[in-house]
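Residue-level structure breakdown
Listed below are the residues making up each chain.
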Amino acid sequence: MKGYIQIYTGNGKGKTTAALGLAVRALGNGFSVYIGQFMKGQEYHELKTFEKLDNIDVEMYGTDTCLISKDCVQQCDIDKAKLGIERVREIYKSKQYQVIILDEICVANYFGLVTEKEILDLMKEKPEDVELILTGRYAPQSIIDEADLVTEMKEVKHYYTKGVMARDGIER
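Described in the following lines is the structure provided in the data block. (Residues numbered from 1 in each chain as written. Predicted model: local features only at pLDDT ≥ 70, side-chain atom pairs only at ≥ 80, totals over all residues. Heavy atoms only, no water.)

**Section: the overall build of the chain**
- Of regular secondary structure, the chain possesses six helices and six strands.
- Starting at the N terminus and ending at the C terminus, the chain contains elements arranged as β-α-β-α-β-α-β-α-α-β-α-β.
- Over its C-alpha atoms the chain spans a radius of gyration of 15 Å, differing by no more than 12% from the 16 Å that the globule rule assigns to 172 residues.
- Along the longest, intermediate and shortest principal axes, the C-alpha atoms of the chain span 45 × 35 × 30 Å.
- Counting across all 172 residues of the chain, residues that qualify as buried make up 46%.
- In the chain, 71% of the contacts between residues at least 6 apart in sequence involve partners at least 24 apart. (Helix = DSSP H or I, 4+ residues; strand = E, 2+ residues; numbered from the N terminus. Rg over C-alpha atoms; globule rule 2.2 N^0.38 Å. Buried < 20%, exposed > 50% of the residue type's maximum accessible area, 1.4 Å probe, protein only. Contact = heavy atoms within 4.5 Å.)

Next comes the structure, spelled out in structure tokens:
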């Protein structure tokens, strides 16, 4: 099977959800899935489900603090993201996974945790038979240009603007 590069970006809700749905579909077809979550170190409830399944591994490359601006970035955030980049290269060499999801890697770039070049290099280094999915707002044009499929999520209306925080089982 030829693997392609997909990007889910934009300011709307659903980028990670779409990638996780793809992971479930891949698992149902007997594929092995790796998810590297950049900028995430908190507990997300979908991970509890994945812990119960075979052929899927999730690793987090973030702290338990949510970064809300570029001014909040600390060296430990950069170090964790760089660890994630190196881990993906190891994952490529292992030939263990047919689907690799790099969740929030575009935001990690926007916050200066990883460079555009590092992401482009990962895209170029991708094994031919691996499907690579990148998620996150702010996907740079150079990365969009190199992808095979790009979906932009657009926020039309969201209850968050009315003060509704992330709800267990729905947003987290």
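**As for empty space enclosed by the protein**
- As enumerated under the stated definition, the model contains one cavity of 30 Å³ or more in all.
- Around the largest cavity, the lining residues are Met39, Tyr61, Gly62, Thr63, Thr65, Leu67, Asp77 and Leu113.
- Split into classes, the residues belonging to the lining of the largest cavity amount to four nonpolar, three polar and one charged. (1 Å grid on protein atoms, 1.4 Å probe; cavity = no way out; pocket = protein on both sides within 12 Å on 5 of 7 lines; lining within 4 Å. Points joined across faces, edges and corners; volume = space filled by probe spheres on them. Nonpolar A, V, L, I, M, F, W, Y, C, P; charged D, E, K, R; others polar.)

**Quick notes on the environment of lysine 48**
- Counting through the fold element by element, lysine 48 comes out in helix 2 (residues 46-51).
- Note: C-alpha distance between lysine 48 and isoleucine 133 (85 residues apart in sequence) is 21 Å.

**Quick word on the layout of surface pockets**
- As a volume, the largest pocket reaches approximately 1,400 Å³.
- As for the largest pocket, its lining consists of 35 residues, and the residues nearest its centre are Lys40, Tyr44, Glu104, Arg137 and Glu171.
- Class assignment for the residues of the lining of the largest pocket results in 15 nonpolar, 11 polar and nine charged.

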